[in-house]
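If you want the building blocks of each chain, they are given just below.
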Amino acid sequence: MGMTIAEKILARHTDQTVVRPGDLINAKVDMVLGNDITAPTAIKEFRRIGVETVFDKDRIALVPDHFTPNKDIQSAEQAKLLREFAREHDITYYFEVGRMGIEHALLPEMGLALPGEIVIGADSHTCTYGALGALATGVGSTDMAAAMALGEAWFKVPSTLKFVFNGKLNRWVSGKDLILYLIGKIGVDGALYRSMEFCGELIDALSMDSRLSMSNMAIEAGAKCGIIAPDQTTLDYVTERAKRDFTPVYADADAEYEKVTTFDGADIEPQVAFPHLPENTRGISDVGEVRIDQVVIGSCTNGRMEDLRTAASILKGNKVHKDLRVIIIPGTQNIVRQAMKEGLLDIFLEAEAIVSTPTCGPCLGGHMGILAQGERALATTNRNFVGRMGHPGSEVYLSNPAVAAASAITGKISAPEEVL
Amino acid sequence: MQGHVWKFGTDVDTDAIIPARYLNTSDPVELAKHVMEDADPTFAQKVTEGDIIVARKNFGCGSSREHAPIAIKTAGVACVIAHSFARIFYRNAINIGLPILESPEAAEKIEEGHEVKVDLTTGTIFNLTTGETYQAAPFPPFMQTIMDKGGLIGYVQWRLQTESSTGPY
Ligand code: SF4
């Protein structure tokens, strides 16, 4: 009996030739990630272990992105812990403000998450790198500490759910819509403890940016990871950036899946997730009249070039609705520069949106656009839990950048067709 | 262990357990002051040492913040019983030594205010209020060892000292 991608990647990082779902194993990791919220605890725990040095200074990434540029004194203290630890251990991939980006936009861009690798990060959206054919998964700070010391982590081998997307993409449908649609079908615990594999004609046709948004939200279905087998699109993307050698891994022809589910692109229109769970999805034509106070375009889900280009194509020559504010957050410094070169920043400013330096900011209710009681935001982010973007009495709706941009113009959740 | 039960519903997320607005610190005592705040704003005042949380499916979904189980543990909660746990919360709880048990039956039948006794080694849950007993799967030996060492850090220290390997690590 063969192995799925997840099983095969895990096996290759142990001294076993075969692993099976349910096995508890210890695997080597290729990259360990932490941010300004999770790394401070990891650093404290690392010190408790009592080892002198980290396992490999080139395989740890520290990205202060959540509350940076520091929003207050306490956050500044947390960010300082990272900076000092990075200096003390000569960590190669510490990204200071000015060189940083939202971690899951940054690591793929820097070639620090690669096909066939195991990447663990003390951040739940580490699953983003599944789009590159890596087994990438979120862990806690203590896991991060142990991995920084040993270069290893414990795993329970997950069983795999395969999702096949056939047919053609409808207009304005992106990877974000495919994953929202999927979560709407299986629920926020529909893939609990499982590995998801995404494949089919629709996935083959997706750009790298769109695939990254898709795998980003695997966690919103409860999954350990959401993997797309590397193809030419993947290899074109990683080859020019890779900081290390890598070996792509593919599922065996006789791999065993817990379940295979097939979707047809014809059934999938742009999706909107209603409060307060990502599973509360509706097609854009079923949304009805929902007035909004704020639009956020950014985050590790949709803060990449393709997202900004889409938003700009809709905002161009239009103005943001008078009752609304729009916050656009490019994912990394490189994305800011590229958007500037392409004239996108001008389009946004002309439309009377604001453009922020890369930060998680409002995505987790940190800073840069917090909601008051009773306010409603439409965001291209990935979570719409109670209080996620501010007051517990505020609401967050999730969509792709095209719907967000169109809604910015109309002041209510709208399909792109309404403004074009 | 034995304690008073506080009951929660389905999909209690980590933003409800410890909202991001309090994450500019990693001090456990500060975090515990806001535990479960967006699910029940009065919880931090009501909870006392040794209490037990019972919840329905997918407890702890959302972010990887270890601050969530840390806040629960530091607030004095002795154990969390749920229909199921989100996977990162599950591993974090084990890694920091917060006992958790999965039992759909217990999650269904135990109500707020019940008095419950838990035997972690066997996974047996006794409802002292109704007289019922529920069975949860006990931890696999490897996870039990982590718990016995007080969490993953204690386990890693022990492993490094003894160079013994009885399972993962
Ligand atoms: S952008 Fe949002 S979801 Fe992504 S890492 Fe930052 S806080 Fe988390």
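What you see as residue numbers is a count from 1 along each chain, following the sequence as written. Just so you know, chain letters begin at A and ligand numbers begin at 1, following the order they were written in. The predicted nature of this model means local features are confined to residues of pLDDT at least 70 and side-chain atom pairs, given and counted, to a pLDDT of 80 or more, with totals for whole chains, interfaces and linings taken over all residues. Remark: hydrogens and water are excluded; side-chain values derive from all non-hydrogen atoms of the structure.

1. Considerations on the overall build of chain A
Okay, step 1: Put simply, DSSP marks the helices as runs of H or I at least four residues long and the strands as runs of E at least two long, and each gets a number from the N terminus on. Within chain A, the regular secondary structure consists of 14 helices and 18 strands.
Okay, step 2: The globule rule used for comparison is 2.2 Å times the number of residues to the exponent 0.38, while the radius of gyration itself is calculated over C-alpha atoms. In summary, chain A has a C-alpha radius of gyration of 20 Å against a globular reference of 22 Å for 420 residues, a match within 12%.
Okay, step 3: With the principal axes as the frame, chain A shows a C-alpha extent of 60 × 50 × 40 Å.
Okay, step 4: Accessible area is worked out with a 1.4 Å probe on protein chains only. A residue is then buried under 20% of its type maximum, exposed over 50%, and partly exposed in between. Relative to its 420 residues, chain A shows a buried fraction of 65%.
Okay, step 5: A contact between two residues is defined here by any heavy atoms of the two lying within 4.5 Å. A fraction of 76% describes how many contacts in chain A between residues 6 or more apart in sequence connect residues 24 or more apart.
Okay, step 6: We count Lys and Arg on the positive side and Asp and Glu on the negative side, and we leave His and both chain ends out. Where a charge sits is defined by one atom per residue type, namely NZ (Lys), CZ (Arg), CG (Asp) or CD (Glu). Taking the average location of the 41 positive side-chain charges in chain A and that of its 55 negative ones, the two points are 2 Å from each other.

2. Re helix H14 (residues 401-410) of chain A
All names here are of chain A.
Okay, step 1: Of all 10 residues that make up H14, 10 are buried, and the element is covered over most of its length.
Okay, step 2: For H14, the full list of buried residues reads Pro401, Ala402, Val403, Ala404, Ala405, Ala406, Ser407, Ala408, Ile409 and Thr410.
Okay, step 3: Structurally, H14 contributes buried residues whose contacts are with strand E12 (271-273), strand E14 (294-297), helix H10 (299-302), helix H11 (305-315), strand E15 (325-328) and strand E17 (376-379).
Okay, step 4: We call two N or O atoms a polar contact when they sit within 3.5 Å, provided that within protein one can donate a hydrogen and the other can accept it, with sequence-adjacent residues counted only if both atoms are side-chain atoms. For H14, the capping residue at the N-terminal end is Asn400, with a side-chain oxygen 2.9 Å from the backbone nitrogen of Ala402.
Okay, step 5: Backbone geometry just downstream of H14 places Gly411 in the positive-phi region, at approximately 85°.

3. Description of the pattern of salt bridges
Side chains that differ in sign of charge can pair as their charged atoms come close.
Residues and elements named next belong to chain B.
Okay, step 1: Counted as salt bridges are all cases of a side-chain nitrogen of Lys or Arg within 4 Å of a carboxyl oxygen of Asp or Glu. In this structure the tally under the stated criterion is 33 salt bridges over all chains.
Okay, step 2: In this structure, Glu37 engages Arg21 in a salt bridge whose closest nitrogen and oxygen atoms are separated by 3.4 Å. Remark: Arg21 occurs in the loop between helix H1 (14-17) and helix H2 (28-32) and Glu37 occurs in the loop between H2 and helix H3 (43-46); sequence separation between them is 16 residues.
Okay, step 3: In this structure, Asp40 engages Lys46 in a salt bridge whose closest nitrogen and oxygen atoms are separated by 2.8 Å.

4. Some words on the packing of aromatic side chains
Okay, step 1: Between rings of Phe, Tyr and Trp, where Trp is taken as its six-membered ring, a pair exists when centres lie within 6.5 Å; planes separated by under 30 degrees are stacked, by over 60 edge-to-face, and by other angles tilted. Per the counting criterion, the structure on display carries 17 aromatic pairs over all chains.
Okay, step 2: Measuring from ring centre to ring centre gives 6.0 Å for Phe85 of chain B and Phe89 of chain B, while their planes differ by 5°; the resulting arrangement is stacked. Accessibility assignment for this pair places Phe85 of chain B and Phe89 of chain B in one class, buried.
Okay, step 3: Ring pairing ties together the aromatic residues Phe163, Phe165, Tyr181, Phe198 and Phe263 of chain A, which thus form one cluster.
Okay, step 4: Placement of a charge over a ring requires the Lys NZ or Arg CZ to be within 6 Å of the ring centre, with the centre-to-atom vector within 35 degrees of the ring normal. Across from the ring centre of Phe274 of chain A, 3.9 Å away, lies the NZ or CZ of Arg282 of chain A, which sits over that ring.
Okay, step 5: Here Lys117 of chain B stacks its cationic end above the ring of Phe126 of chain B, 5.9 Å away from the centre of that ring.

5. Quick word on the sheet that holds strand E3 (residues 79-82) of chain B
Residues and elements named next belong to chain B.
Okay, step 1: Spatially, the 7 strands line up as an open sheet ordered E4-E3-E2-E1-E5-E6-E7, and their pairing is mixed. Looking along the sheet, the strands with just one partner apiece sit at the ends: strand E4 (100-102) and strand E7 (133-135). Pairwise comparison of adjacent strand axes, ignoring direction, gives a mean angle of 30° for this sheet. Pairing between two strands requires that DSSP report at least two bridges joining them. To get an axis, a line is fitted to the C-alpha atoms, and for a helix only the part in contact is used. The angle between two axes follows their N-to-C directions and goes from 0 to 180 degrees.

6. Let's talk about the sheet that holds strand E3 (residues 60-63) of chain A
Residue and element names in this part refer to chain A.
Okay, step 1: Strand order in this open sheet of 5 strands is E4-E3-E2-E5-E6, and the pairing throughout is parallel. Each edge of the open sheet carries a strand with a single partner, namely strand E4 (93-94) and strand E6 (135-138).
Okay, step 2: Pairing of strand E2 (residues 31-35) with E3 involves 4 bridges; the strand directions are parallel. By the bridge assignment for E3, Leu33 is matched with Ala61.
Okay, step 3: With respect to the sheet, helix H3 (residues 73-88) is in contact with E2, E3 and E4, its orientation differing from that of E3 by roughly 150°.
Okay, step 4: Of the strands in this sheet, E2, E3 and strand E5 (118-121) touch helix H5 (residues 141-150), which is tilted by about 135° from E2.

7. So, the site of the ligand
Residues and elements named next belong to chain A.
Okay, step 1: The cutoff for a nearby residue is simple: one of its non-hydrogen atoms must lie within 4 Å of the molecule or strand. As a matter of local geometry, the ligand sits amid 13 residues, with His125, Cys300, Cys360, Cys363 and Asn382 nearest to it.
Okay, step 2: Among the secondary structure elements, those contributing two or more residues to the shell around the ligand are helix H4 (103-109) and H10.
Okay, step 3: Amino acid classes used here: Ala, Val, Leu, Ile, Met, Phe, Trp, Tyr, Cys and Pro are nonpolar; Asp, Glu, Lys and Arg are charged; the rest, including Gly, are polar. The residue makeup of the shell around the ligand, split by class, is 5 nonpolar, 5 polar and 3 charged.
Okay, step 4: Per the annotation, domain bounds derive from an automatic or database assignment of domains. Looking at which domains feed residues into the shell around the ligand, each of domain 1 (5-263) and domain 2 (274-418) supplies at least three.

8. Remarks on the pairing of strand E8 (residues 160-166) of chain A
All names here are of chain A.
Okay, step 1: Buried residues dominate E8, accounting for 5 of its 7 residues.
Okay, step 2: When E8 meets strand E11 (residues 259-264), the two strands line up parallel, connected through 6 bridges. Pairing of Lys162 across the sheet is with Val260, part of E11.

9. Here's the deal with the interface of chain B and chain A
Okay, step 1: On the chain A side, the residues contacting the 43 residues of chain B number 52 residues.
Okay, step 2: Between the two partners, chain B and chain A, sit 3 salt bridges.
Okay, step 3: The salt bridge involving Lys57 of chain B is made with Asp189 of chain A; its shortest N-O contact spans 3.4 Å.
Okay, step 4: At the junction of chain B and chain A, the tally comes to 23 residue pairs in polar contact (both at pLDDT 80 or more).
Okay, step 5: Listing elements by their share of the side of chain B that touches chain A, those giving two or more residues are helix H4 (67-74), helix H5 (87-96), helix H7 (141-148) and helix H8 (152-162) of chain B.
Okay, step 6: In terms of residues, the side of chain B that touches chain A owes the most to one element, H5 of chain B, which gives 7 residues.
Okay, step 7: Looking at the side of chain B that touches chain A, its residues break down into 19 nonpolar, 12 polar and 12 charged.

10. Focus: the side chain of Thr14 of chain A
Residue and element names in this part refer to chain A.
Okay, step 1: Relative to the helices and strands, Thr14 is located in the loop between helix H1 (5-12) and strand E1 (24-28).
Okay, step 2: Engagement of the side chain of Thr14 in a polar contact is seen with the backbone nitrogen of Gln16, the distance being 3.0 Å.
Okay, step 3: Setting aside residues no more than four positions away along its own chain, Thr14 makes contact with Ile25, Asn26 and Ala27.

11. Re the nonpolar core
Okay, step 1: Among the buried residues, those of types Ala, Val, Leu, Ile, Met, Phe, Trp, Tyr and Cys that are joined through side-chain atoms within 4.5 Å form a nonpolar core. Judged by nonpolar contacts, the single largest core of 91 residues is most densely connected at Leu62 of chain A together with Met36, Phe59, Ile72 and Phe89 of chain B.
Okay, step 2: At 6 residues, H5 of chain A tops the list of elements feeding residues into this core.
Okay, step 3: Sequence-distant contacts of Phe89 of chain B, that is, excluding residues within four places in its chain, are made with Ile17, Phe59, Gly60, Ala68, Pro69, Ile72, Leu98 and Ile100 of chain B.
Okay, step 4: Grouped together as the second largest cluster of nonpolar side chains are 63 residues, Val119, Leu206, Val238 and Ala273 of chain A included.

12. Focus: the domain arrangement of chain A
Residues and elements named next belong to chain A.
Okay, step 1: Each domain of chain A was delimited in the assignment, giving domain 1 (5-263) and domain 2 (274-418).
Okay, step 2: Just the C-alpha atoms count here: the centres of domain 1 and domain 2 sit 24 Å apart.
Okay, step 3: Between domain 1 and domain 2, the contact holds 38 residues from the first and 38 residues from the second.
Okay, step 4: Here the buried area means the combined drop in accessible surface, using a 1.4 Å probe, for two parts upon being joined, counting both sides. At the boundary of domain 1 with domain 2, total buried surface from both sides reaches about 3000 Å², with 59% on carbon and sulfur atoms.
Okay, step 5: Scanning the region where domain 1 abuts domain 2 turns up 1 salt bridge.
Okay, step 6: Across the contact surface, domain 1 and domain 2 share 26 residue pairs in polar contact (both at pLDDT 80 or more).
Okay, step 7: Breaking the side of domain 1 that touches domain 2 down by element, the ones donating at least two residues are H4, helix H6 (175-186) and helix H8 (208-216).
Okay, step 8: Considering only residue class, the side of domain 1 that touches domain 2 consists of 14 nonpolar, 15 polar and 9 charged.

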